[in-house]
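Residue-level structural notes
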Amino acid sequence: MTRILAPLLAVRLLWQGRTRFFRALTVFIRIGMSYRKARRNHATPAHADFPDDRHTLHRRNADRLSHLFQDNGGTWIKAGQFLSARPDLLPMEYIDALQPLQNQVRPIPFASVDAVLCAAWGEQWKHRFLQFDETPVAAASNAQVYKAQLTDQRWVAVKILNPDIRALYAQDMLLYRILARLIGLFIHQVDFVAAVNVFLTTLERELDFIQEARNIADFQKLKHIAGIRSLTLIPEHSNAAVITTEWIEGQPLLEFLKNAERKTQIDTLALLQNSYVQQVIRFGKFQGDPHPGNYLIDSDHNLVIVDFGHMGVLSERERLNYVKIILAVIDGNVRAFKESLTDGGFTDLADDFFSEKLLQLLQSVASKPVEDIEFQEVERLLREILHCIRQRRARVPAHYLVTGRVFITLAGLFKLFNVTPEQIDIRKVLLS
Ligand SMILES: Nc1ncnc2c1ncn2[C@@H]1O[C@H](COP(=O)(O)OP(=O)(O)O)[C@@H](O)[C@H]1O
Ligand SMILES: [Mg+2]
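As the structure is a prediction and not an experimental result, all values here were calculated from the model. (Residues numbered from 1 in each chain as written. Chains lettered and ligands numbered in written order. Predicted model: local features only at pLDDT ≥ 70, side-chain atom pairs only at ≥ 80, totals over all residues. Heavy atoms only, no water.)

All right, on to the sheet that holds strand β9 (residues 295-298) then. The mixed open sheet is built from four strands, whose spatial order is β5-β10-β9-β7. In the strand order of this sheet, the two ends are held by β5 (228-229) and β7 (250-252), each with one partner. (Pairing = 2+ DSSP bridges. Helix = DSSP H or I, 4+ residues; strand = E, 2+ residues; numbered from the N terminus.)

Here we come to the site of ligand 1. Near ligand 1, the surroundings consist of 16 residues, among which K159, E246, I248, G293 and N294 are the closest. At a separation of 2.9 Å, an oxygen atom of ligand 1 approaches a polar side-chain atom of D307. In isolation ligand 1 has 550 Å² of accessible area, and contact with the protein removes 86% of it. Taken together, the elements giving at least two residues each to the shell around ligand 1 come down to β4 (155-161) and β6 (242-246). In terms of residue class, the shell around ligand 1 is made up of nine nonpolar, four polar and three charged. (Near = heavy atom within 4 Å. Polar contact = N/O pair within 3.5 Å; in protein donor to acceptor, adjacent residues only side chain to side chain. Areas by Shrake-Rupley, 256 points an atom, 1.4 Å probe, with all protein chains shown as cover. Nonpolar A, V, L, I, M, F, W, Y, C, P; charged D, E, K, R; others polar.)

Here the focus is the side chain of S34. When you line up the elements, S34 lands in helix α2 (residues 18-42). Take S34: its relative accessible area is 15%, and that puts it in the buried class. Dropping the residues within four chain positions of it, S34 is found in contact with L57, N61 and R64. (Buried < 20%, exposed > 50% of the residue type's maximum accessible area, 1.4 Å probe, protein only. Contact = heavy atoms within 4.5 Å.)

Moving on: the domain arrangement of the chain. For the chain, the assigned domains are domain 1 (2-102 + 196-205) and domain 2 (250-432). Using C-alpha coordinates to define each centre, domain 1 is positioned 28 Å away from domain 2. At the boundary of domain 1 with domain 2, total buried surface from both sides reaches about 940 Å², with 61% on carbon and sulfur atoms. Between domain 1 and domain 2 we count zero salt bridges in total. Connecting domain 1 to domain 2 are zero residue pairs in polar contact (both at pLDDT 80 or more). Here the side of domain 1 that touches domain 2 is built from residues that sort into six nonpolar, two polar and three charged. (Domains from an automatic or database assignment. Buried area = accessible area lost by both parts, 1.4 Å probe. Salt bridge = Lys/Arg side-chain N within 4 Å of Asp/Glu carboxyl O.)

Below you can see the structure in the form of structure tokens.
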């Protein structure tokens, strides 16, 4: 019976999602054709300047892709954000174009939110609150956040799962799988089927509010460094579609840093860095979504992390691997660095995996005291590592993708405020 039903269900889902499917297909065909044409032109001497054209072409195609994700909305915005965190798969032009997607979400009407709250707590849900501001303080693709006051006077943030994203999830899942297979027939450089599988696992985790609530509670139990304030979950007002936490009266990190004195900027960024180092190498458990909107600064200058949709969890072996990597980089020991990558799960690191250029860059960075290292050098180094990964089609172990994203984003913040990262004191972090 299921043998007959499954294909029928698939056809029905595909039919329901046909607009998004054909829109996506058209964009992918146009992108594919443009590269094909460029390659053909490149073969003729008149277009010997293809490398420069390639940047323009990547940029144009990245814009096309970004518009597609915006037009399709819902989980597609998430897909764009996911791809923007995969510089191991896509050229930098795509990463830059897809990153702003996070802030371009249209809020959903309160009537839909009301329906979710009615389903969760019944028609009388408003009795739980003295006040509930129906204008969201934030709208993301998967959820909206509201400010409210409980009957016991406490101010809270109420995060509500976007009902549309759940409804379209089954359709989108199928569309992504089919598209990945179709694209895979023409593009062999990137394993889109594997990427889609990782994406769908991540998405499912993010839509699981029970898990997110658990993450908030777990994170609060850890003994953080001074200056990190954890978020308090209010479990009696949280469920599979709603997460309620204490309201944090604070400024978003970027706004705070823009108006802060130099010393406060340096101290705050160092606090953020040291907290992540502690989370990764001491706890083996870290907040895995380093979007700057996820950090608030309260009136005592404490840093509060508010979003726990992603929590990276490392095995003991993986956690120790980061200690080894940091020690190798501090020592400037290229061999130990390479060994620790293999240790960390890079199974297909060929002998010639590190290009000459990469070795030179590594040695040059490692030979300097940390305060003399310039961002451009670190950036060139990271780019070259990613280039080698893409070129050799090495499969990056999943935990590196998450920590990589965290540390690349943090490096971006340091760069924005022209602050040099602190030298990491491994002993202090491990023994504190
Ligand atoms: N407890 C809170 N107190 C104050 N503001 C909050 C709180 N939780 C979330 N916010 C605000 O809502 C925004 C979105 O919340 P977040 O949990 O990051 O949702 P999303 O998973 O949709 O990104 C945050 O960037 C922050 O500005
Ligand atoms: Mg967030």
